[in-house]
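Breakdown of the fold
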Amino acid sequence: MTGTETVLQYLSAVPAWYLATSVDDQPHVRPFSFAAEQDGKIWFCTATTKDVWEELTINRRFEATSWWPGHGWLILRGEAGLEDRVGDDIRRAGYDHMTGLGERYEGPDDPTLVFFSVENPQAWICNHDEWKPLAL
């Protein structure tokens, strides 16, 4: 299993995981629940109307974490690649996921629905004794 596959397994094994941004030395954390892989990169979905998108346009650095019971937790660091280049399959999956959470969009191509990639990723699988780096 590749490092990217391991990251996606940790993020998809739980109902929600957490993504943190930081603007003006103030951290902001919120639940996320969609992740996909395209062209060897991990992609997340949000909306241009959300604070997280605005924060990422100011400071692209973020950190995400997911605790998978019985397996430890994942720490993923990176920079948001703000150029939305996902294909139709991921766009449809993100749209279906977000509307399944009760959000409203005018279809998968709604311009407010946006995908960002994880650039310059670093990841670790952690437990109480050690942090094991993942090759990404």
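One can find the structure itself at the top, above this paragraph.
Residues numbered from 1 in each chain as written. Predicted model: local features only at pLDDT ≥ 70, side-chain atom pairs only at ≥ 80, totals over all residues. Heavy atoms only, no water.

1. Concerning the overall build of the protein chain
The helix and strand tally for the protein chain stands at three helices and eight strands. Each helix (α) and strand (β) of the protein chain, taken in turn from the N terminus, gives the series α-β-β-β-β-α-β-β-α-β-β. Taken against the 2.2 N^0.38 rule, which gives 14 Å for 136 residues, the C-alpha radius of gyration of the protein chain at 14 Å falls within 12% of a compact globule. In terms of overall dimensions, the protein chain has a C-alpha envelope of 45 × 35 × 25 Å along the principal axes. (Helix = DSSP H or I, 4+ residues; strand = E, 2+ residues; numbered from the N terminus. Rg over C-alpha atoms; globule rule 2.2 N^0.38 Å.)

2. Looking at unusual backbone geometry
Phi is positive for Asp24, which is not a glycine, with a value near 50°. With respect to the helices and strands, Asp24 occurs in the loop between strand S1 (17-23) and strand S2 (26-32). Using a relative accessible area of 74% as the deciding quantity, one classes Asp24 as exposed. (Buried < 20%, exposed > 50% of the residue type's maximum accessible area, 1.4 Å probe, protein only.)

3. Thoughts on the pattern of salt bridges
Across all of its chains, the model carries nine salt bridges by this definition. The salt bridge partner of Glu63 is Arg77, with a shortest N-O separation of 2.5 Å. Taken as a pair, Glu63 in strand S5 (residues 61-68) and Arg77 in strand S6 (residues 72-81) lie far apart in primary sequence, 14 residues in all. For the salt bridge of Lys132 with Glu130, the shortest nitrogen-to-oxygen distance reads 3.8 Å. On the basis of relative accessibility, which here comes to 45%, the residue Lys132 falls in the partly exposed class. One salt-bridge network, held together by shared partners, links Asp84, Arg91 and Asp109. (Salt bridge = Lys/Arg side-chain N within 4 Å of Asp/Glu carboxyl O.)

4. Points about the pairing of S1
Only one face of S1 is buried: it carries Trp17, Leu19, Thr21 and Val23, and the other face, with Tyr18, Ala20 and Ser22, is open. The pairing of S1 with S2 spans seven bridges and is classified as antiparallel. Bridging from a neighbouring strand, Val23 pairs with Gln26 of S2. Counted along the chain from S1 to the antiparallel partner S2, the turn is two residues long, and its residue Asp24 has a positive phi close to 50°. By the bridge criterion, three bridges tie S1 to S5 in an arrangement that is antiparallel. Looking across to S5, one finds that Leu19 is bridged to Ala64. (Pairing = 2+ DSSP bridges.)

5. Quick look at the packing of aromatic side chains
All told, the structure shown has 11 aromatic pairs when counted by the stated rule. Summarising the aromatic geometry, the rings of Phe32 and Phe44 are spaced 6.3 Å apart at their centres and angled 70° between planes, so their arrangement reads as edge-to-face. Taken together, the residues Phe32 in strand S2 and Phe44 in strand S4 (residues 41-47) connect sequence positions 12 residues apart. Accessibility assignment for this pair places Phe32 and Phe44 in one class, buried. Plain terms: the ring middles of Trp124 and Trp131 are 5.7 Å apart, the flat faces sit at 55° to each other, and that makes the pair tilted. (Phe/Tyr/Trp six-rings, centres within 6.5 Å; stacked < 30°, edge-to-face > 60°.)

6. Things to note about the pairing of S5
Side chains Phe62, Ala64, Ser66 and Trp68 of S5 all project onto a buried face; the interleaved residues Arg61, Glu63, Thr65 and Trp67 project onto a face where none is buried. Looking at chain direction, S5 and S6 are connected through eight bridges and run antiparallel. Across the sheet, Phe62 pairs through a bridge with Gly78, a residue of S6. Counting the residues that bridge the hairpin from S5 to S6 gives three residues, and of these Gly70 lies at a positive phi of roughly 85°.

This is a description of form; function is not addressed.
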